[in-house]
Amino acid sequence: MGCSGSRLDEDGMGMPPKSRPVFLHELKMRRHMTRPSHKDAISTPSKKELLLYDKDDDGSSTYKNAPQTARFSPKGGGEGEGTNKHEDDRKHKDVRNVDVRGKGGRNGHKVNKSEISSAGDAEEDEDYDERMIGRAPGSPSFRVYFNDGGEDIHNDIGKHDDFKSGGAVSSEVSFTDYYRILVEFIRVSVVAARQGFAVKEDVRNYKAKGGMQRQSCFGKLESLERGIRATALRAFSSSGKEMTVRDALNSALDEEMSADPKVFLMGEEVGEYQGAYKITRGLLKKYGPERVRDTPITEAGFTGIGVGAAYYGLKPVIEFMTFNFSMQAIDHIINSASKSNYMSAGQISVPIVFRGPNGAAAGVGAQHSQCFAAWYGSCPGLKVLVPYSSEDARGLLKAAIRDPDPVVFLENELLYGESFPVSAEALDSSFCLPIGKAKIEREGNDVTITAFSKMVGYALKAAEILAKEGITAEVINLRSIRPLDTSTINASVRKTNRLVTVEEGVPQHAVGAEICTTVVEESFDYLDAPVERIAGADVPMPYAANLERMALPQVDDIVRAAKRACYREKFE
Amino acid sequence: MAQIIHRSTNLLKPVSVAVSATRHLTTASTTPITVETSLPFTGHNIEPPSRSVETTPQELLSFFRDMVLMRRMEIAADSLYKAKLIRGFCHLYDGQEAVAVGMEAAITKKDCIITAYRDHCIFLGRGGTLMDAFAELMGRKDGCSKGKGGSMHFYKKESGFYGGHGIVGAQVPLGIGLAFAQKYCKDENVTFSMYGDGAANQGQLFEALNMAALWDLPAILVCENNHYGMGTAEWRAAKSPSYYKRGDYVPGLKVDGMDAFAVKQACKFAKEHALKNGPIILEMDTYRYHGHSMSDPGSTYRTRDEISGVRQERDPIERIRKLILSHDLATEKELKDTEKEMRKEVDDVIAKAKESPLPDSSELFTNVYVKGFGVEAFGADRKELRAVLP
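Computed from a predicted model, the values in this text were never measured in an experiment.

Asker: Which residues make up unusual backbone geometry, and what are the values?
Answerer: Following Arg 482 of chain A, the chain continues into Pro 483 of chain A via a peptide bond in cis, with omega recorded as 0 degrees. Structurally, Pro 483 of chain A can be placed in the loop between strand E17 (480-482) and helix H16 (486-496). Between Gly 163 of chain B and Gly 164 of chain B the backbone carries a cis peptide bond, its omega angle lying at 25 degrees. Here Gly 164 of chain B lies in the loop between helix H6 (130-137) and helix H7 (171-184). A positive phi angle, close to 55 degrees, is found at Ser 453 of chain A, a residue other than glycine. In this structure, Ser 453 of chain A sits in the loop between strand E15 (447-451) and helix H15 (454-468).

Next up, the structure:
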């Protein structure tokens, strides 16, 4: 994903080594690349910007390191023309309006002076489209940011991707624009492939600038383009593949729907809106409105309809916008779905999946932040799965859809945008993870930390911190709340003799309580310390940022509990 | 015997004297008879069908037989409950048999029916046997749900009967889900979601009806209006007790639910409508003689005069009896013999069901999941009772 730090050659050919993914823009904007100051880049708070940047190998981001004054214009063209257009470049130091296609550049296109705005005008210039911001001279990767041109930010609940993960403010794209970008992408990919480049298309929102006809191919795009990115990454990147949880879920749904015509999606905004959190992006287009059903805001109604369809033999995937709304339909999940196979002695099976984000997001308040793992985990007849990484998301969702029993699939909104490495095996369309098996994310000998969903990430960070203090923690990613993999947990506790359970929900009657009791029952003699529980506060979720932070487990809490379990800290 | 031979017009084979009266009745002719329904239909946003119903003597006699069997079964269940052989809930359907029987005559086993807890007779109509029913009521392993369901959870998926639901109103979205699946699979069949006047006020019903109308699903909502939702009369529960009009944009039909032929006509009409135009509501004006369940005497919220009045004037079995007698399809005595025969059949089955054993202890942990992955499940004392789910 990141550049390898190699420099463009001085001979003007500018051909990076073959293994390195190259930004699309390199190929096109090779002549007109300037780098406005770092200050400019972020000094326009009134505009909706997207910062798309590359991380250095050491993990730091480009723009923080960008020198303030150096200008960079790569020489030569990716298309191997070899003509030296340096003179032209130097005339257009402050070009903002970049010839994206590069045709002008190849032919020595002179940018009209009236289109050039000075660096200082960035704030006022509502019309500028994009700027190329290079790194230190010779560096091949670029930062591009785009002005959304004054449209309102979509204040959707789903758009929680922040700048850090390259979030996009999405806007509507017309079909022709989408088609054009797709064609352009294919064209560039072909060109790049011919020259042995790997192409990485990182496209966020573009706004076609009125005056720049050549750039009209880049219209406004939906964040659908991230799907292209993910595909391109998968297809072309030779370094380890990464995938966001969102893309993992999307690909799992896609594959299962294409494999079995009985699978269909139902939920609010899953179709034309492309999913409230864009999980079902592209599926309506691919499978049609019969199989991707937008519903009115009637959870009890559409959940009942889904369960009825499952009675008949179809395989519905019902999406709740968040699991908080599943309470409106919980009678159908429990009384109509989970109990039917038992009450009918096997006549009526219910192969349904209920999925959606669960638990706290960021600042969404009490009614939108409840964790339902313990609620659904206490229902016989249900299976409850809680993925963490992309591989979990893919494998468990595929297993859930194939499973003949009702499955409650608890995702996490804040994990949707996070990228995780995925193995080649996980990308296979028949990849499934077993239900009811936990995964040991990190081996250790001193203390066992069990966690699920977002808390696995926290537990891993806590394990890092503990490792520096000489405590090796074994982190277990539960993956499945019901059935709970008590054998893995017990085996781990028998090895480490200490246990810390971590979860986001309230501690009373929660998953951690069950794990503690199980361990006490099965491995009492192996415990060297009382079991520690880290859980959310026993309060409805507050809104204020400091209170919310206090209401949720933090990495420090896990570290402290682990140390307590190891008798490294005094009890209060 | 000679009289009967004389009366039958299309008798194809000689009937031996030894053959019982019922055999006579079932080999009766198939000449069409036209019957008028007791009342005209009332439509809401729709043209009601005609009052004339085509039927045959065979059908008439089978209606009589089936309804007598259902009536007998319910009364026998009453005594079994009082003898404490049936436990928990027992919601009886006697008085409402015409709805079950008329509906079955209009549809096939590929159409689906889903109903609430008053499901014994619908189960029978869908092809369930008496043995299945009584064994299940008594919680024996020969029951249709192996004794694990009980009175409210009879199922027969192969004949399109999806239960049997204990939660008032929940069966309506489920039934509309069945209709959704039928349309998805392009099956050209319909689903009848049955509910009562008490459930007619449920929100989820309207949520699901909205979606059924949006997506043109072949769903038929059948409100069995027996005028009492448990102990609450309909005028106390619903601002608008015209349940067939409650669908607003969804057409509705009000039907005399004590007349099996009116029910048959309405269901036939509704099936044709639903396959073409989407959902329709049928309100069956019917009555139950028993209370809401066995723990309800049924007389605290209505007078005994009312109950006996309906029994005298509108009883479905009596109506069929009169029709049969007026068309000279059987004698009074033959009908009485049929009733005796049904009674004997029911008693025999009950005796057999009583001998059926209770389910095996291992059945406690079966069917929790279809695929259990070898997960452990525990009993009350987990050190004593554990099982592995297959």
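Past the structure itself, the notes keep going.
Asker: Run through the sheet that holds strand E16 (residues 473-477) of chain A, naming residues and quoting values.
Answerer: Residue and element names in this part refer to chain A. Across the sheet, 5 strands lie side by side as E14-E16-E15-E18-E19; this open sheet has mixed pairing. For this open sheet the edge positions go to strand E14 (439-442) and strand E19 (532-534), each flanked by a neighbour on one side alone. Each strand of the sheet is rotated relative to its neighbour by a mean of 25 degrees, with strand direction disregarded. The pairing of E15 with strand E18 (residues 499-502) spans 3 bridges and is classified as parallel. Counterpart to Thr 450 in the pairing with E18 is Thr 501. Of the strands in this sheet, E14, E15, E16 and E18 are in contact with H16, which crosses E16 at around 175 degrees. Strand contacts of helix H19 (residues 555-565): E15, E18 and E19, with the helix running at about 175 degrees to E19, the strand carrying the most contacts.

Asker: An account of the interface of chain A and chain B is requested, with residue identities and associated values reported.
Answerer: If you look at the interface, chain A gives 50 residues, while chain B gives 47 residues. Interface of chain A and chain B: buried area, both sides summed, is about 4100 Å²; carbon and sulfur atoms make up 62% of it. Applying the counting criterion to the chain A and chain B interface returns 2 salt bridges. Taken together, the links from chain A to chain B amount to 21 residue pairs in polar contact (both at pLDDT 80 or more). Going through the elements one at a time, strand E7 (263-267), strand E8 (292-294), helix H10 (299-312), helix H11 (330-338), helix H12 (340-343) and helix H17 (511-523) of chain A are the ones with two or more residues in the side of chain A that touches chain B. Considering every element that reaches the side of chain A that touches chain B, the biggest residue donor is H10 of chain A, with 11 residues.

Asker: Can you explain the pairing of strand E5 (residues 191-196) of chain B? Please cite residues and give values.
Answerer: All names here are of chain B. In terms of burial, E5 is a largely internal element, 5 of the 6 residues being buried. Looking at chain direction, strand E4 (residues 112-114) and E5 are connected through 3 bridges and run parallel. Looking across to E5, one finds that Cys 112 is bridged to Thr 191. As judged from the 6 bridges shared by E5 and strand E6 (residues 219-225), these two strands associate in the parallel manner. Opposite Thr 191, over in E6, you have Ala 219 as the bridge partner. Note that the unit made of E5, helix H8 (residues 203-214) and E6 has a crossover that is right-handed.

Asker: Account for the sheet that holds E7 of chain A, naming residues and giving values.
Answerer: Residue and element names in this part refer to chain A. Read across the open sheet, the 7 strands follow the order E8-E7-E9-E10-E12-E11-E17; overall the sheet is mixed. Each edge of the open sheet is held by one strand with a lone partner, namely E8 and E17. Strand-to-strand, the axes of this sheet are offset by a mean angle of 20 degrees, without reference to chain direction. Relative to E8, E7 runs parallel, the two being bridged by 3 bridges. Its bridge partner being in E8, Met 266 is matched across the sheet by Arg 293. Those strands touched by H10 are E7, strand E9 (315-319) and strand E10 (353-357), and its axis lies near 165 degrees from that of E9.

Asker: Which residues make up helix H3 (residues 57-82) of chain B, and what values go with them?
Answerer: Residues and elements named next belong to chain B. Along its 26 residues, H3 runs 38 Å from first to last C-alpha, staying within 8% of the 38 Å computed at 1.5 Å per residue. The buried fraction of H3 amounts to 19 of the 26 residues, a majority that puts the element mostly inside the structure. Phi turns positive, to about 65 degrees, at Lys 84, one or two residues after H3.

Asker: Account for the UniProt feature "domain: Dehydrogenase E1 component" (unreviewed entry) in chain B, naming residues and giving values.
Answerer: Here, the residues flagged by UniProt with the feature "domain: Dehydrogenase E1 component" (unreviewed entry) are residues 65-360 of chain B. Secondary structure over residues 65-360 of chain B splits into 46% helix and 10% strand, and the C-alpha atoms at its two ends are 36 Å apart.

Asker: Tell me about the side chain of Asp 197 of chain B, residues and numbers included.
Answerer: Residue and element names in this part refer to chain B. The residue Asp 197 is located in the loop between E5 and H8 in this model. Summary of buried charges: Asp 197 has no salt-bridge partner, and the nearest side chain of opposite charge, Arg 288, is 6.9 Å away. A polar contact is formed between the side chain of Asp 197 and the backbone nitrogen of Asn 226, at a distance of 3.3 Å. A distance of 3.1 Å separates a polar atom in the side chain of Asp 197 from the backbone nitrogen of Tyr 228. Leave out the neighbours within four places in its chain, and Asp 197 touches Cys 223, Glu 224, Asn 225, Asn 226, His 227, Tyr 228, Gly 229, Glu 234 and Tyr 243.

Asker: An account of the UniProt feature "domain: Transketolase-like pyrimidine-binding" (unreviewed entry) in chain A is requested, with residue identities and associated values reported.
Answerer: As recorded in UniProt, the sites labelled "domain: Transketolase-like pyrimidine-binding" (unreviewed entry) are residues 243-418 of chain A. With 37% helix and 16% strand, residues 243-418 of chain A has its two end C-alpha atoms placed 8 Å apart.

Asker: Could you give an account of the confidence of the model for chain A, with specific residues and numbers?
Answerer: Residue and element names in this part refer to chain A. Averaged over all residues, the pLDDT of chain A equals 74, while 59% of them reach at least 70. A low-confidence stretch, residues 29-172 stays under pLDDT 50, and its non-local contacts, those more than four residues away or across chains, total 326 contacts. Scored below 50 in pLDDT, residues 233-238 makes 10 contacts in the model with residues more than four places away or belonging to other chains.

Asker: Summarise the state of the cysteines; cite the residues concerned and give the values.
Answerer: The tally for this structure, following the rule as stated, stands at 0 disulfides over all chains. Cys 516 of chain A forms no disulfide, and the closest cysteine sulfur to it belongs to Cys 566 of chain A, at a distance of 16 Å. Cysteine Cys 185 of chain B remains unbridged, with the sulfur of Cys 112 of chain B as its closest cysteine sulfur at 10 Å.

Asker: Before we move on, could you go through the pattern of salt bridges and cite the residues and values that matter?
Answerer: Residue and element names in this part refer to chain A. Inspection of the entire model under this criterion finds 44 salt bridges over all chains. One salt bridge connects Lys 495 with Glu 443, and the closest N-O pair in it is separated by 3.4 Å. Highlighted residues: Lys 495 in helix H16 and Glu 443 in the loop between E14 and E15, separated in sequence by 52 residues. We classify Glu 443 as exposed; its relative accessible area is 57%. What you see here is one network of salt bridges that share partners, running through Glu 255, Glu 256, Arg 394, Lys 398 and Arg 402.

Asker: Kindly report on the side chain of Glu 411 of chain A, identifying the contributing residues and their values.
Answerer: Tracing the sequence through the fold places Glu 411 of chain A in strand E12 (residues 407-411). Leaving out residues up to four positions away in the same chain, Glu 411 of chain A has contacts with Leu 249, Arg 355, Gly 356, Pro 357, Asn 358 and Tyr 416 of chain A.

Asker: Lay out the pairing of E16 of chain A in plain terms, naming residues and giving numbers.
Answerer: Every regular strand shows the same layout, with side chains that alternate between the two sheet faces. Residues and elements named next belong to chain A. Of all 5 residues in E16, 5 are buried; the element is thus mostly enclosed. Here E16 shows two buried faces, one formed by Ala 473, Val 475 and Asn 477 and the other by Glu 474 and Ile 476. Two strands pair when backbone bridges link them, and E14 and E16 are joined in this way by 3 bridges, in the antiparallel orientation. Opposite Lys 439, over in E16, you have Asn 477 as the bridge partner. Looking at chain direction, E15 and E16 are connected through 5 bridges and run parallel. By the bridge assignment for E16, Val 447 is matched with Ala 473. Note that the unit made of E15, H15 and E16 has a crossover that is right-handed.

Asker: So what about the packing of helix H12 (residues 316-326) of chain B against helix H13 (residues 332-355) of chain B? Which residues, and what values?
Answerer: All names here are of chain B. At a closest axis distance of 10 Å, the pairing of H12 and H13 adopts a crossing angle of 140 degrees. One element, H12, and the other, H13, form an angle in the oblique class. Along this stretch, H12 crosses H13, giving a crossing that reads as right-handed. The residues of H13 that touch H12, namely those facing Arg 321, Ile 324 and Leu 325, are Glu 332, Leu 335 and Glu 339. Across the contact of H12 with H13, the residue classes break down as 3 nonpolar, no polar and 3 charged.

The rules behind the values
Residues numbered from 1 in each chain as written. Chains lettered and ligands numbered in written order. Predicted model: local features only at pLDDT ≥ 70, side-chain atom pairs only at ≥ 80, totals over all residues. Heavy atoms only, no water. Helix = DSSP H or I, 4+ residues; strand = E, 2+ residues; numbered from the N terminus. Pairing = 2+ DSSP bridges. Axes fitted to C-alpha atoms, helices over the stretch in contact; angles between N-to-C directions. Contact = heavy atoms within 4.5 Å. Buried area = accessible area lost by both parts, 1.4 Å probe. Salt bridge = Lys/Arg side-chain N within 4 Å of Asp/Glu carboxyl O. Polar contact = N/O pair within 3.5 Å; in protein donor to acceptor, adjacent residues only side chain to side chain. Buried < 20%, exposed > 50% of the residue type's maximum accessible area, 1.4 Å probe, protein only. Right-handed = clockwise from strand over helix to strand, strands pointing away. Expected span 1.5 Å × (residues − 1). UniProt positions renumbered as here; feature names shortened; annotations may be inferred. Lys, Arg positive; Asp, Glu negative; His and termini not counted. pLDDT = per-residue confidence, 0-100. Disulfide = S-S within 2.5 Å. Parallel < 35°, antiparallel > 145°, perpendicular 65-115°, else oblique. Left-handed = near helix turned anticlockwise from the far one by under 90°. Nonpolar A, V, L, I, M, F, W, Y, C, P; charged D, E, K, R; others polar.

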